[in-house]
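Geometric and topological summary
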Amino acid sequence: MILVTGATGNIGSALLKELHAHGAGPLRGLTRDAARAAFPEGVQAVEGDFAEPASLKPALEGVRSLFLVSRLGPDADILEAARQAGVEHVVLVSSITVLTHPHLGPAGENLAVERLLGASGMDWTILRPTQFASNALMWAASVRAHETVRAPYAETALPTIHPADIAAVARVALTEPGHRGRTYALTGPEPVSARGQAEAIAAALGREVPFAEVSREEAHAQMAAVFGAEAADAVLDVTGGDVNDELLRVRDTVAQVTGTPARPFRQWASENADAFR
């Protein structure tokens, strides 16, 4: 039994489709509301809340492999619940900032979860993706309203990754031998800047998407209102204020693990164009 947590999210939903398409199973998807979950046929929808690890006990019953995104709840309690349930292998989604920006608060938190997993006694595979292509959805309302997309560090180009590629690597790690005890840094196939992302969305829509670069201060004020000042600082440091060669580096890990090249941002934009219409 494989349990996919965050099963309605960008990675989890793609992972369930991957696992189902490759005949893996039995499969179980964790969600807060099983009645609203649209999972592939044959996938069991189970309810649970990361904020209450005790609620995960029914979902974990009989599970041997677990897909987990870090920092969505009290990770120590979640991992202990998994260990007690008899889970043998955990595929954990962490962040490449553990490698590139270990001094930042969120990176330190991710590293702490990695260490908890390493000390748990369960087998593990750790995925460290870079910036998600799906982060561009934060512009969707502006694009739908034909307003200008505003972003800082317009020309800083990061090797943004398609969430489906994270899912593809997770599927291999969950179902094929040779990936336990491995840590994989994951990127897309090429760097793409914020301006380049807006241009790719425009091409997918077949119309202009106006773009304007804003200052760090303006971007910080907007982000802090939603995520808090510390999180805003961390995001801005990673996306432009403190970019280093490790963060800019394009890796071929997706192709090495899955046998298929990583998807470019323009493919994500084409597949998700309706969100911007």
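Note: the structure precedes this text.
For clarity, every value in this text was computed on a predicted model and none was experimentally measured. (Residues numbered from 1 in each chain as written. Predicted model: local features only at pLDDT ≥ 70, side-chain atom pairs only at ≥ 80, totals over all residues. Heavy atoms only, no water.)

**Topic: the layout of surface pockets**
Here is the rule we go by: Note on definitions: the grid is 1 Å and covers protein atoms alone; a cavity is a set of points where a 1.4 Å probe fits but cannot get out; a pocket is an open set with protein on both sides within 12 Å along at least five of seven lines; lining residues have an atom within 4 Å of a point. Grid points are joined across faces, edges and corners, and a volume is the space filled by probe spheres set on the points. A run of DSSP states H or I qualifies as a helix once it reaches four residues; a run of E qualifies as a strand once it reaches two. Both are numbered from the N-terminal end. Just so you know the grouping, Ala, Val, Leu, Ile, Met, Phe, Trp, Tyr, Cys and Pro go in nonpolar, Asp, Glu, Lys and Arg go in charged, and all remaining residues, Gly too, go in polar.
Each pocket or cavity is described by its volume, and for the second largest pocket that value is around 270 Å³. Around the second largest pocket sit 13 residues that line it, and N10, S13, A14, H162 and N272 are the ones nearest its centre. Elements with a contribution of two residues or more to the lining of the second largest pocket: α1 (10-21), α7 (163-175) and α13 (265-271). Here the lining of the second largest pocket is built from residues that sort into five nonpolar, six polar and two charged.

**Regarding the environment of A140**
Just so we agree on the cut-off: Relative accessibility under 20% of the residue-type maximum defines a buried residue, over 50% an exposed one, and the middle range a partly exposed one, all with a 1.4 Å probe and only protein chains included.
Along the chain, A140 turns up in helix α6 (residues 140-144). A relative accessible area of 5% means that A140 is categorised as buried. Put simply, A140 and F276 are 136 residues apart on the chain and 4.9 Å apart in space, counted from C-alpha to C-alpha.

**Details of the nonpolar core**
The following threshold applies: To qualify as a nonpolar core, a set must consist of buried Ala, Val, Leu, Ile, Met, Phe, Trp, Tyr and Cys residues joined through side-chain atoms within 4.5 Å. Residues count as neighbours in contact if any of their non-hydrogen atoms are within 4.5 Å of one another.
Ranked by internal contacts, the top residues of the largest apolar core, which has 31 residues, are V4, L15, L19, F67, L127 and L186. Secondary-structure elements contributing two or more residues to this core are β1 (2-4), α1, β5 (89-93), α7, β9 (182-186) and α12 (253-258). Of the residues forming this core, the biggest block, eight residues, is contributed by α7. Excluding residues within four positions of it along the chain, L127 makes contact with V91, L92, V93, S94, S95, I166, V169, A170, Y184 and L186. With 22 residues, the next largest nonpolar core counts A136, A198, V209 and A273 among its residues.

**Re the sheet that holds strand β3 (residues 44-47)**
In a beta sheet, neighbouring strands pair by backbone hydrogen bonds and run either parallel or antiparallel. The following threshold applies: Any two strands between which DSSP finds at least two bridges are classified as paired. Axis lines are fitted through C-alpha atoms, for helices just across the contact stretch, and the angle between N-to-C directions can take any value from 0 to 180 degrees.
A sheet is described by the order of its strands in space; here seven strands give the open sequence β3-β2-β1-β4-β5-β6-β9, paired in parallel fashion. If you trace the sheet from one side to the other, it starts and ends with β3 and β9, each paired once. When the angles between neighbouring strand axes are averaged without regard to direction, this sheet yields 20°. Inspection of the sheet shows strand β2 (residues 27-31) paired to β3 by four bridges, in the parallel sense. Directly across from G29, in β3, lies its bridge partner A45.

**Details of helix α9 (residues 216-227)**
Using the following cut-off: Residue count minus one, scaled by 1.5 Å, sets the expected span of a helix. Each direction from the helix axis to a C-beta atom contributes to the arc, which is the arc of those directions.
Taking 1.5 Å of rise per residue, twelve residues should cover 16 Å, and α9 covers 15 Å from first to last C-alpha, within 8% of that figure. Among the residues of α9, A219, H220 and M223 are the ones counted as buried. For α9, the angular spread of the buried residues around the axis is 100°, confining them to a single face. Exposed and facing more than 90 degrees away from the buried side of α9 are E217 and A225. G228 sits one or two positions beyond α9 and adopts a positive phi of about 100°.

**Things to note about unusual backbone geometry**
Even without being a glycine, R71 presents a positive backbone phi close to 65°. Assignment of secondary structure puts R71 in the loop between β4 (65-69) and α3 (75-85). A relative accessible area of 38% places R71 in the partly exposed class. With a phi close to 50°, Y153 is a non-glycine residue in the positive phi region. Tracing the sequence through the fold places Y153 in the loop between β7 (149-151) and β8 (157-158).

**Let's talk about the environment of I126**
Take I126: it is sitting in strand β6 (residues 123-129). The exposure class of I126 is buried, given its relative accessible area of 4%. Taking the C-alpha atoms as reference, I126 lies 5.9 Å from V91; in sequence the two are 35 residues apart. Setting aside anything within four residues of it in sequence, one finds I126 in contact with L92, S94, E114, R182, T183 and Y184.

**Some remarks on empty space enclosed by the protein**
Within this structure, the stated rule accounts for one cavity of 30 Å³ or more. Considering only enclosed or pocket space, the largest cavity measures out at about 40 Å³ in volume. Lining the largest cavity we find L3, T5, L30, L56, L60, L66, I78 and A82. Residues of the lining of the largest cavity, tallied by class, amount to seven nonpolar, one polar and no charged.

**Focus: the pattern of salt bridges**
In plain terms, the rule: The term salt bridge refers to a side-chain nitrogen of Lys or Arg lying within 4 Å of a carboxyl oxygen of Asp or Glu.
Under the definition given, this model contains 16 salt bridges. Between R83 and E80 there is a salt bridge, with the nearest N and O atoms lying 2.6 Å from each other. A residue pair is termed a helical-turn pair when its members lie 3 or 4 positions apart in one helix, as R83 and E80 do in helix α3 at three residues. Taking relative accessible area as the criterion, E80 reaches 29% and is therefore assigned partly exposed.

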